[in-house]
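Take a look at the letters that make up each chain.
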Amino acid sequence: MKVIDILGTPLAATNYAEFTRFCHELIERGGTWAVDLTNTQVATMRRHEPEFRKISSQVDFFLPDGMPLIWCLNWRGANLRDRVYGPKFMRHCVVGSPAPYKHYLLGGSPDCLARLRERLSAQQPALQIAGSHHGYYFRAENEEAIVQEINRLSPDFIWVGLGTPKQQEWIYRNKSRIHRGVIFAVGFAFDVNAGSKPDAPEWMQRAGLTWLFRVLSEPKRLAIRYLRYNSLFLFYLVKDAFFGRRAELPRGG
C-alpha cells in the first residue's frame, strides 16, 4: 500500500477490499496491530495537539475515513475512488471474516451492543463474536478485566467504538498487553451499524458533508468540535501549501 503524509499523519492509500485482505495477512503474521479509521478531526488533532500525537503513536495504520482526506490524497496522486469509512469498513470486514475468524466488540451501550451483534450476525450468519463489553464505567479494575478477557478469548479482530480520543487512549494503554489480533478504532461505526444513530445520506457522504449531517443531528454535542477542527484542518492545509513541508515530526506518530 502506498502511504502519503497529510498534516503529519501517514495515511494508507487503500480501499475496503484491499485492507480487509491485508488484515487477514496480519492475522497470519501474528502479533498485535492497531488501525485507526482517521477523519479530519483525528488528523488535525495529531498535528495540533502533541499529547494526542503521543497517544495515537501506537497506531500502525491510519485509514482515510473522511472525504476531505481523500481529496488531499488524490491531489498527491493516490487516485482513490472512495474513502475507507469506518461504519462501512466494519461491515465489509465482518462480512468478509466469518468463522474461524473471531471478533470482539468493545464500546457502545449494552443496548447498542446487543443490536450490533444481532445486525452483524444477520449480515454474516457464520460470524463468530467471541465476546463483547460495553463502553461505560471504565475504571482501572474494569479495564484490567477486559484485557484479561480479550487475551483469554484470543479474538482475531478487536473493534473499539469508544469515540475520539477515548478509543485512541485505550489502545495506547493496552495494545502492548494484548497478545494478538488487529485492533480497530472505529468510533461512530458501532452506533451506525447498530441502528442507534442515523448515518448521512450517500449524496452528503460523497460531497464530504457527513460532518454537517452529524452536527445537525447532535448540534449541542458536536457543533463546537467540528467548527474548531474543520477550521484548524483548513488552516494547516493552507499553511503547508504556502510555506512548504514542515519539519519532519519525530517517528512514532
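Everything quoted here is computed from the prediction, not taken from an experiment. (Residues numbered from 1 in each chain as written. Predicted model: local features only at pLDDT ≥ 70, side-chain atom pairs only at ≥ 80, totals over all residues. Heavy atoms only, no water.)

**Details of the pattern of salt bridges**
Applicable threshold: Any carboxyl oxygen of Asp or Glu that lies within 4 Å of a side-chain nitrogen of Lys or Arg is treated as forming a salt bridge with it. Put simply, DSSP marks the helices as runs of H or I at least four residues long and the strands as runs of E at least two long, and each gets a number from the N terminus on. Exposure classes here rest on a 1.4 Å probe applied to the protein chains alone. A residue is buried below 20% of its type maximum, exposed above 50%, and partly exposed in between.
Enumeration according to the criterion identifies 12 salt bridges in this entry. One salt bridge in this structure joins R177 and E144, with 2.3 Å as the shortest N-O distance. Of the two residues, R177 sits in the loop between α8 (166–174) and β8 (181–185) while E144 sits in helix α7 (residues 140–153), which places them 33 residues apart along the sequence. The salt bridge partner of D191 is K197, with a shortest N-O separation of 3.9 Å. On the basis of relative accessible area, D191 is assigned to the buried category, the value being 18%. Each of D191, K197, E218 and R221 takes part in one network of salt bridges that share partners.

**Quick look at the environment of N174**
To keep it simple, the criterion reads: Pairs of N or O atoms within 3.5 Å make up the polar contacts considered here, provided that, within protein, one atom can donate a hydrogen while the other can accept it, and that residues adjacent in sequence are counted only when both atoms are side-chain atoms.
On the secondary structure map, N174 appears in helix α8. Taking the C-alpha atoms as reference points, N174 and V3, separated by 171 residues in sequence, lie 26 Å from one another. Here the side chain of N174 touches R177 through a polar contact of 2.6 Å, side chain to side chain.

**Some words on the packing of α7 against α8**
A pair of packed helices can be characterised by two numbers: the angle between their axes and the separation between those axes. To keep it simple, the criterion reads: Note on definitions: angles span 0 to 180 degrees between N-to-C directions of axes, and those axes are lines fitted to C-alpha atoms, for helices only across the stretch in contact. Working rule for angles: under 35 degrees goes down as roughly parallel, over 145 as roughly antiparallel, 65 to 115 as roughly perpendicular, anything else as oblique. Two helices that cross are described as forming a left-handed crossing if the nearer one is turned anticlockwise from the farther one by less than a right angle, and a right-handed crossing if clockwise. Two residues qualify as a contact provided that any one of their heavy atoms is within 4.5 Å of a heavy atom in the partner residue. Only Asp, Glu, Lys and Arg are considered charged in this grouping, and only Ala, Val, Leu, Ile, Met, Phe, Trp, Tyr, Cys and Pro are considered nonpolar; every other residue, Gly among them, is considered polar.
Closest axis-to-axis distance for the α7/α8 pair is 12 Å, and the angle between their directions is 70 degrees. For the element pair α7 / α8, the angle class is roughly perpendicular. At the point where α7 passes α8, the crossing takes the right-handed sense. Between α7, through E143, I146, V147 and I150, and α8, the contact on the second element is made entirely by W170, R173 and N174. In terms of residue class, the contact of α7 with α8 is built from four nonpolar, one polar and two charged.

**Brief notes about the pairing of strand β6 (residues 129–133)**
Our working rule: At least two bridges found by DSSP between two strands is the condition for calling them paired.
Here four bridges tie strand β5 (residues 103–107) to β6, and the two strands are oriented parallel to one another. Counted as the bridge partner of L106 is H133 from β6.

**With respect to the environment of Y172**
With respect to the element layout, Y172 can be found in helix α8. Ignoring any residue separated from it by four or fewer positions in sequence, one finds Y172 in contact with K54, I55, S57 and Q58.

**A short note on α8**
The following threshold applies: The arc in question is formed by the directions pointing from the helix axis toward the C-beta atoms.
Buried residues of α8: Q167, Q168, W170, I171 and N174, and no others. One face of α8 carries all of its buried residues, which in axial projection span an arc of 160 degrees.

**Quick notes on the confidence of the model for the protein**
Definition in use: Looking at any residue, its pLDDT shows the predictor's confidence there, from 0 to 100.
Scored by pLDDT, the protein comes out at a mean of 93, with 95% of its residues at no less than 70. For residues 247–253, every residue scores under 50 in pLDDT, and the model assigns this stretch 10 contacts once sequence neighbours within four places are set aside.

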